[in-house]
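Structural description and commentary
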Amino acid sequence: MSMHPQAATSGHDADIAAAAPAGLTGLNEAEAERRLARYGPNAVVGKNSRGLIDIIRDILREPMFLLLLAAAGLYLVLGDIGEGLFMTAGALVTIGLVVLQEARSERALAALRGLAEPSARVIRGGTERHVAAREIVPGDLVLVGEGERLPADGCLIAGDALTVDESALTGESVPVSKRPAAADADLAGDPEPGGDDTPYLFSGTLNVRGQGMVLVVRTGAATRLGRIGASLAAIEDEPTLLQKTTGALVARLGVLALGFCAIVAVAYGVLRDDWIGGALSGITLAIALLPEEFPMVLAIFMALGAFRLARHKVLVRRAAVIETLGAASFLCVDKTGTLTENRMVLTTVWRDGNAHDLRGGGRLSEAAVEALRTALLASAIRPVDPMDRAVRIAGMRVLPGSPSAEAPLRTYPLRPELLAFTQVWPDPGGGVLYAAKGAPEAIVRLCRMGEDKKAAMDRMVAGLASRGLRVLGVASARHDRDSASAPEDLAFSFEGLIGFADPVRADVPLAVAEAKRAGITVAMITGDYPATALEVARQAGIDASAGVLTGKEVAELDPEGLREQVRRVRVFARIMPEQKLALVEALKSSGAVVAMTGDGVNDAPALEAAHIGIAMGQRGTDVAREAADIVLLDDRFVSIIGGVRLGRRIFANLRKALTYVTAIHVPIAGLALLPILMGLPPILYPMHVILLELVIDPVCSLVFEGEPSERHAMEKPPRPATEPLFGTSQIVLGFVQGAVVLGAVFGVYAWALNAGIPETQARAAAFVALVLGNLVLAFADAAEPGTAVFDRRRLAFWGIGAGAAVIVTLVIYVPPLATILRVSPPSLSWLATALTIAVLAGGWFGLARRLRAVWAPRNEQRTMA
């Protein structure tokens, strides 16, 4: 994936010169492909997926599989050759199953890494397009905006003065300024990072402020970042807290299992004078006690769960958030692009008391034309913001000969204290023209407007906003030269108001209604005008009965007052990004599990503070994405609700799987130990445990992971945030379920021996009961009431069940296999008895759940009556 630095630096000066900004059209696709083949992908050495050999090596380090191989070797050396070969084959098949499941997880993780790879905006063939960052080549023209990371080393050749955080390379926390290169600048030099007032930019550094165009000079391993071997695109797969906890539990149980193994082996050898049998019995008990499925189940669920979420356009950056998704109780969302289509259309221009509808095709007054022309001059040349795009589209249609690609003399970006964007242009009449566009209150301030004019404008703003329009003001100022240090230094002339329509997405009202049924409160946080926010909230189905809380009111409230307001208000308008953090903290202190969306640089603290930070994948900045737990690949609200739904399913199925793993080890361990303590012939030998593992491992991962969600999962309130995934109640339930199966199977065995049937037939009956009991228990734990028994998503379960039935039948009725496993066919009556008892022992929990699901609504109705 990497390339030699010398290959990237030698002989490419001509390539850079060929891309010099003569027209700023960039490379064509053919030339870009040629350079990609020459210099290699723009990627540094990252973390590779585990290969098949690595997976097998990791698996063979697990105590469970070491014990299996030890038992097989012991049989080969000291026991019957047939038993030894059977044990070896069984161990290899068991390991093979786990390898297949681990490989499936690795494929899912590899797909997630592909989705998480960054992209960049480039100019190729004169048009702007998004490409994967790894496809950028020397000579490309890259557009960089506020909050974005630089994808390669290069030179700033056009745009604003940037403020760049280069601490990733220099360790200095203070950002440095970057200015467009002079005409005679050395574009292909090799400067050091950390320079102030230079045009040189470096891969991996963060653009804090401003926007511009960068000529790429070096890519991949030739960049400064590539030379020190850093990798920003790799997905971190560090174990979660839950995985670490269960790993420690398995380690403790492993020590306990080895202790029991030694005790049983010694007791067996002393009491029965059979040391080989004692060693085999001890190994059998150790295998039975080790819940090695815990880490496997967690790893597979986390990997496949994240992959399932990604298929629903929800990219999980931190695996632990999958557990939190099901507990989300308060969802704070942006308006533009999340609830709405983010498809701004300039529909209205207001000037001198007259509103002009641009959709009607009628002739505009000269005043309206001038307002539109000023708005166009106050919009970015290569717009990213939807409103700037809408202004440019309308301006090009209505104003022939309007400015297109000329660069302004200067830009004044939005500031928290002045929400207006200003650009300075040469004035055809001499001097310069300042064109400003922004929040109406900011334009009022720039125009130093009197109370009468301000009141008339406020009435019109309220009227437009009440129709769901986003309203901006437009103003201009002329001066003999560009000398103002800030726009506030000049007296602007008011040019008018412009209104934008951004319709609510068609699927949002249904998704909001689903969230309400699921007990999730939805709130809208926007920087828009309060009346617009209320109208959009009503259209989306968000509760607007308590009115709107503005950013100014938030700033005036103390923490207790803010907590009181967020308990009832669901619409927040004119909110500054920094105030989102205060809202998150207020909600958290009131006991809510908060999910917060954001896309800007200043949203990062709120995303970090929220229980679930959700960044926008399409319009979000790199800073927001890095601070978030989840990235929405399509920026749609319905994807959030789909993620919560899937998160609840993953949580419920994972809890069931861990409970089942606990339950199945109780009868296996008990059946290995009880006969020794009671002086009965052994029920289980290591080969029996291997056969059980062939059933248990795929059931734990494939069956439970693929189990469909409960039909009414999104009609229940979120689980309490303090409720653990696998706590005392689940452990107790697992032990109770396992104890019932243990009592039933051991009862069948003891009953059969007391009835005088041979030991091999009693063992066969007990083994059949144990296999079927485990399968029935798995179905009872996994299947939710209200879902079809033969749901197509349960094909894995029925396939495993059919396979288990075939294996058990062969083991009992094929004499060579029966001899190896020390069983013989029981009579039909005893077989029927064992099957009946197994179904009852494994299925009682499922029957209880089904009865509870039937009777609970009836009891509710009686109580209400």
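Everything that follows concerns the structure shown earlier in this document.
Because the structure is predicted, anything quoted here is derived from the model rather than measured.

A separate point is helix α17 (residues 451-466). Given a rise of 1.5 Å per residue, 16 residues ought to cover 22 Å, and the 22 Å separating the end C-alpha atoms of α17 matches this to within 8%. Among all positions of α17, only Met457, Met460, Val461, Leu464 and Ala465 are buried. Along the long axis of α17, the arc covered by the buried residues comes to 130 degrees, so they all point the same way. Of the exposed residues in α17, those oriented more than 90 degrees away from the buried face are Glu451, Asp452 and Arg459. The inward-facing, buried residues of α17 abut β12 (345-351), β13 (354-357), α16 (440-447), β17 (470-479), β18 (493-501) and α19 (530-540). Backbone geometry just downstream of α17 places Gly468 in the positive-phi region, at approximately 85 degrees.

Spatially, β13-β12-β18-β17-β16-β15-β14 is the arrangement adopted by the 7 strands of the open sheet, whose pairing is antiparallel. Of all the strands in the sheet, just β13 and β14 (410-412) have a single pairing partner and so form its edges. Adjacent strand axes in the sheet meet at a mean angle of 20 degrees when their direction is disregarded. Strand direction decides the pairing type here: β12 and β18, joined by 5 bridges, are antiparallel. Paired with Trp350 across the bridge in β18 is Leu497. Of the strands in this sheet, β12, β13, β15 (420-426), β16 (432-438), β17 and β18 touch helix α14 (residues 366-377), which is tilted by about 85 degrees from β17. Along the sheet face, α16 touches β15, β16, β17 and β18 and points at about 20 degrees away from the line of β17.

Judged by pairing direction, the sheet is antiparallel, and its 6 strands sit side by side in the order β2-β1-β3-β9-β4-β7 without closing on themselves. The open sheet terminates on both sides in strands that have one partner only, identified here as β2 (127-132) and β7 (200-201). For strand β1 (residues 119-124) and β2, the ladder comprises 6 bridges, and the chain directions are antiparallel. Among the inter-strand pairings, Ser119 is bridged to a residue of β2, identified as Ala132.

Turning next to the packing of helix α18 (residues 508-517) against helix α25 (residues 637-678). Two elements in contact, α18 and α25, have axes separated by 9 Å at closest approach and are oriented at 30 degrees. Relative to α25, the element α18 is oriented roughly parallel. For the pair α18 and α25, the crossing hand works out as left-handed. Contacts between α18 and α25 pair Val508, Ala511, Val512, Glu514 and Ala515 from the former with Phe637, Val638, Ile641 and Arg645 from the latter.

Turning our attention to α19. Listing the buried residues of α19 in full gives Pro530, Thr532, Ala533, Leu534, Val536, Ala537 and Ala540. Following α19 by one or two positions, Gly541 adopts a phi angle in the positive range, close to 90 degrees.

This part takes up the environment of Arg763. If you trace the backbone, Arg763 turns up in helix α28 (residues 759-782). Remark: the alpha-carbon pair of Arg763 and Val823, spanning 60 residues in sequence, is separated by 6.1 Å. Excluding its chain neighbours within four sequence positions, the residues that come into contact with Arg763 are Pro681, Pro682, Ile683, Tyr685, His688, Tyr749, Leu821, Arg822 and Val823. Here the side chain of Arg763 touches Ile683 through a polar contact of 3.3 Å, landing on its backbone oxygen.

What follows concerns the pairing of β12. Of all 7 residues in β12, 6 are buried; the element is thus mostly enclosed. Looking at chain direction, β12 and β13 are connected through 4 bridges and run antiparallel. Bridging from a neighbouring strand, Trp350 pairs with Ala355 of β13. Following β12, the chain reverses through 2 residues before pairing antiparallel with β13; Asp352 in that reversal takes a positive phi of roughly 55 degrees.

Among the secondary structure elements, Thr205 is positioned in the loop between β7 and β8 (206-209). Non-local contacts of Thr205, meaning those with residues more than four positions away in its chain, are made with Glu148, Arg149, Leu150, Val164, Asp165, Glu166 and Leu169.

On to the environment of Ala182. With respect to the secondary-structure elements, Ala182 resides in the loop between β6 (176-178) and β7. A relative accessible area of 49% places Ala182 in the partly exposed class. With 17 residues separating them in the primary sequence, Ala182 and Pro199 have C-alpha atoms 8.4 Å apart.

Quick notes on the rules
Residues numbered from 1 in each chain as written. Predicted model: local features only at pLDDT ≥ 70, side-chain atom pairs only at ≥ 80, totals over all residues. Heavy atoms only, no water. Helix = DSSP H or I, 4+ residues; strand = E, 2+ residues; numbered from the N terminus. Expected span 1.5 Å × (residues − 1). Buried < 20%, exposed > 50% of the residue type's maximum accessible area, 1.4 Å probe, protein only. Arc of directions from axis to C-beta. Contact = heavy atoms within 4.5 Å. Pairing = 2+ DSSP bridges. Axes fitted to C-alpha atoms, helices over the stretch in contact; angles between N-to-C directions. Parallel < 35°, antiparallel > 145°, perpendicular 65-115°, else oblique. Left-handed = near helix turned anticlockwise from the far one by under 90°. Polar contact = N/O pair within 3.5 Å; in protein donor to acceptor, adjacent residues only side chain to side chain.

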